[in-house]
Amino acid sequence: MGYDSDLSFNYFGPTKIIFGIDSSKDVEIEMGPYGGTKAVVVTDEGIIKAGLIDHIVKALGTKCVGVFSDIPQDTGVEVVDAGAAFAKKNGADIVVSVGGGSVIDTAKGMCMIITEGGSLRDFNGVQLLSRPQTPHVVIPTTAGTGSEVTNVAVIMDKQMGQKRLIVEHFNIPRLAILDPKMTAKLPKLMTAGTGMDAMTHAVEALHAMPHEPITDGLAIHAIRLLSRYLPLCVANGNDLVARGQVQIAATMAGWAFGLSGVGNIHALAHSIGAVAHVPHGIANGILIAECMEFNIESCPEEYALVAEAFGVREKGMDDMDAAKAAIAAMRAFTKKIGHPQKLSEMKVKENDIVKAAELSLGDGAILNNPRLVLDASEMLGIYKKVL
Ligand SMILES: [Fe+2]
């Protein structure tokens, strides 16, 4: 692939990042420039039980007008609408989300409905907004989604039976506070799975059709950081240095794929998530190597960069040899971090993959895949290899 002579792109990454241990305690001071004084905190019950909310509500003081926590693993249109109704009832003019991808994406949808009114169901398309939305401050409790810096929200639409991608430049969070302590309680499996979501964002940002040198730079360093520090996080969740580096990697990978795009790995992960409820990061981690095999002829140069980031490109290797080494390194890496290897480990059945393969062709993520996907049978072939 490489770059064409007619390369042109816009780079737009407006989210301010604050990084540091205990930085989440500064939320009230840091949200000052964004204008809101009545904050609704958006989170889920697991985060509340883990004790990750109390210090944030305390820091917000009288500026906290309510906590909305009725959010499932995969958020949906109805969840967003209920959250927005709760926020409006309490007069909220700024949203502080504390959680993983489902929480952050719920909050993104809420920001749109608080400003524009109606239901999220009314927003069926991309880049429909014409003005800035309700300010959104994100405090992630996982390191993977990258949603804290992207224009994308993934929202389940039960009526359509599919996860919808809401893509809006005017709805990118204003501020992300990365506090390594906020991810320290994440269990090993979730640490590995969300970390592989970040890894997938980085790899797909490199192979996506609109990739460019800035997103490539972000993606390559994200892979370096993940390959070094994610195993340390899995081995010892309280290693705050490793937790911090993985958080930074997830944010860099988020910036990269948010501008560049993703591909068939995400299309297949979204689809098997919609059909069989496989957690997003784990689906990506199971699928990544086989999807790279599928794409390798279309982007050996980009996968060779993955090999360099992993430190497995040996002297004399051409791009194709290095790309093959990258795939081998990816397989070894998922085993090293104790990541599930097969969809059947997540209770996926044969008929689930048939349904998901059909769905994947309608997933927006597939449009930027480096190899043109012509038929659902090609995607079914990938699923079968990892069932
Ligand atoms: Fe993802």
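Given the structure is predicted, the values throughout are model-derived calculations rather than measurements. (Residues numbered from 1 in each chain as written. Predicted model: local features only at pLDDT ≥ 70, side-chain atom pairs only at ≥ 80, totals over all residues.)

Colleague: Explain the sheet that holds strand β8 (residues 175–178) to me, using residue names and the numbers behind them.
Modeller: Read across the sheet, 6 strands follow the order β1-β8-β5-β4-β2-β3 without closing on themselves; strand pairing throughout is parallel. The sheet is open, and its two borders are formed by β1 (16–19) and β3 (64–68), each paired with just one other strand. Each strand axis lies, on average, 20° off the axis of its neighbour in the sheet, ignoring direction. Of the pairings in the sheet, the one linking strand β4 (residues 94–99) to strand β5 (residues 136–140) comprises 5 bridges and is parallel in character. Across the sheet, the residue bridging to V98 is I139, located in β5. Each of β2 (39–42), β3 and β4 touches helix α4 (residues 77–89); the most contacted strand, β3, lies at about 160° to it. Strand contacts of helix α8 (residues 240–260): β1 and β8, with the helix running at about 155° to β8, the strand carrying the most contacts. (Pairing = 2+ DSSP bridges. Helix = DSSP H or I, 4+ residues; strand = E, 2+ residues; numbered from the N terminus. Axes fitted to C-alpha atoms, helices over the stretch in contact; angles between N-to-C directions. Contact = placed C-beta atoms within 7 Å.)

Colleague: So what about the domain arrangement of the chain? Which residues, and what values?
Modeller: When its domains are assigned, the chain resolves into domain 1 (16–183) and domain 2 (188–385). The distance between the C-alpha centroids of domain 1 and domain 2 comes to 25 Å. Between domain 1 and domain 2, the contact holds 29 residues from the first and 29 residues from the second. Those elements giving two or more residues to the side of domain 1 that touches domain 2 turn out to be β1, β6 (152–157), β7 (162–167) and β8. Its residues assigned to classes, the side of domain 1 that touches domain 2 shows 12 nonpolar, 13 polar and 4 charged. (Domains from an automatic or database assignment. Nonpolar A, V, L, I, M, F, W, Y, C, P; charged D, E, K, R; others polar.)

Colleague: Lay out the environment of V154 with the relevant residues and their values.
Modeller: Assignment of secondary structure puts V154 in strand β6. For the pair V154 and V312, spaced 158 residues apart in sequence, the C-alpha to C-alpha distance is 34 Å. Look past the residues within four positions of V154 in its chain and what remains in contact with it is D105, K163, L165 and H270.

Colleague: Quick one: what's the story with the environment of L120, residue by residue and with numbers?
Modeller: Here L120 lies in the loop between α5 (101–116) and β5. A residue is classified by how many C-beta atoms lie within 10 Å of it, and L120, with 26 of them, is buried. C-alpha separation for the pair L120 and I155, spaced 35 residues apart in sequence, amounts to 9.4 Å. Contact partners of L120, with chain neighbours within four places excluded, come to V77, V80, D81, G109, M112, I113 and I155. (Buried ≥ 20, exposed ≤ 12 C-beta atoms within 10 Å, placed from the backbone.)

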